[in-house]
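Each chain, letter by letter, is given below.
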Amino acid sequence: MRRFLAALLLLLAGIPGAHAQTISRVDVVDYGIYAVDRKGTGRNSDGIGLSTVSNERLAVKTNVVPAQIGVTFGLHYKVIGPDPGESVDLRKVTRFPESGLRTPSGEVQHETERTLRSKVGETRFTAYALMDNFELVPGIWSIEIWQGSTKLASQNFTLVKQ
């Protein structure tokens, strides 16, 4: 049995992508409210809007965000690690205020997750766009970047009613 396990480990070591992606950290490069070009929109299974954006431009560096439809807030981040250009899968967790969001289905959501495909050494963008009235919940929102069970970066935003 030991020989079988040893052989299996050797086999897995030689398969591309079978080892854990190694990164040192994630740096927040900038954050705030962004102007973006929105390409497409959809919804996840909880009814929370998803969109693809391009040409993101930092409009205001701030962590205070007006709770208004159409506002996009987020951050640019850079993955730091020993292998520039290596692809890494990270997890973005957006945490909502303590009261949560009451989605169109009537359920209360406290967070949402999405996979971020990044490369070591590249600066990437991730954000949250306020697209529906049920999202206009004042309080502390957090965008976190994780690899496995390790939180690598976090940025808090305070949504305020206008």
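Check the entry above for the structure.
Residues numbered from 1 in each chain as written. Predicted model: local features only at pLDDT ≥ 70, side-chain atom pairs only at ≥ 80, totals over all residues. Heavy atoms only, no water.

Caption draft 1: View of the pattern of salt bridges. Applying the stated criterion across every chain yields a total of 8 salt bridges. In this structure, R25 engages D27 in a salt bridge whose closest nitrogen and oxygen atoms are separated by 2.9 Å. Taking relative accessible area as the criterion, R25 reaches 41% and is therefore assigned partly exposed. The partner of E113 in a salt bridge is R91, and the shortest N-O contact between them spans 3.4 Å. With a gap of 22 residues between them, E113 in strand β8 (residues 111-119) and R91 in strand β5 (residues 87-95) connect regions that are remote in the sequence. Judged by relative accessible area, R91 falls into the partly exposed class, the value being 26%. In the salt-bridge network here, residues are joined through shared partners; they are R95, E111, E144 and K151. (Salt bridge = Lys/Arg side-chain N within 4 Å of Asp/Glu carboxyl O. Buried < 20%, exposed > 50% of the residue type's maximum accessible area, 1.4 Å probe, protein only. Helix = DSSP H or I, 4+ residues; strand = E, 2+ residues; numbered from the N terminus.)

Caption draft 2: Fine view of the sheet that holds strand β3 (residues 64-66). Pairing is mixed across the open sheet formed by 5 strands, whose spatial order is β3-β11-β10-β5-β8. The open sheet terminates on both sides in strands that have one partner only, identified here as β3 and β8. For this sheet, the mean inter-axis angle between neighbouring strands, taken without regard to orientation, is 30°. (Pairing = 2+ DSSP bridges. Axes fitted to C-alpha atoms, helices over the stretch in contact; angles between N-to-C directions.)

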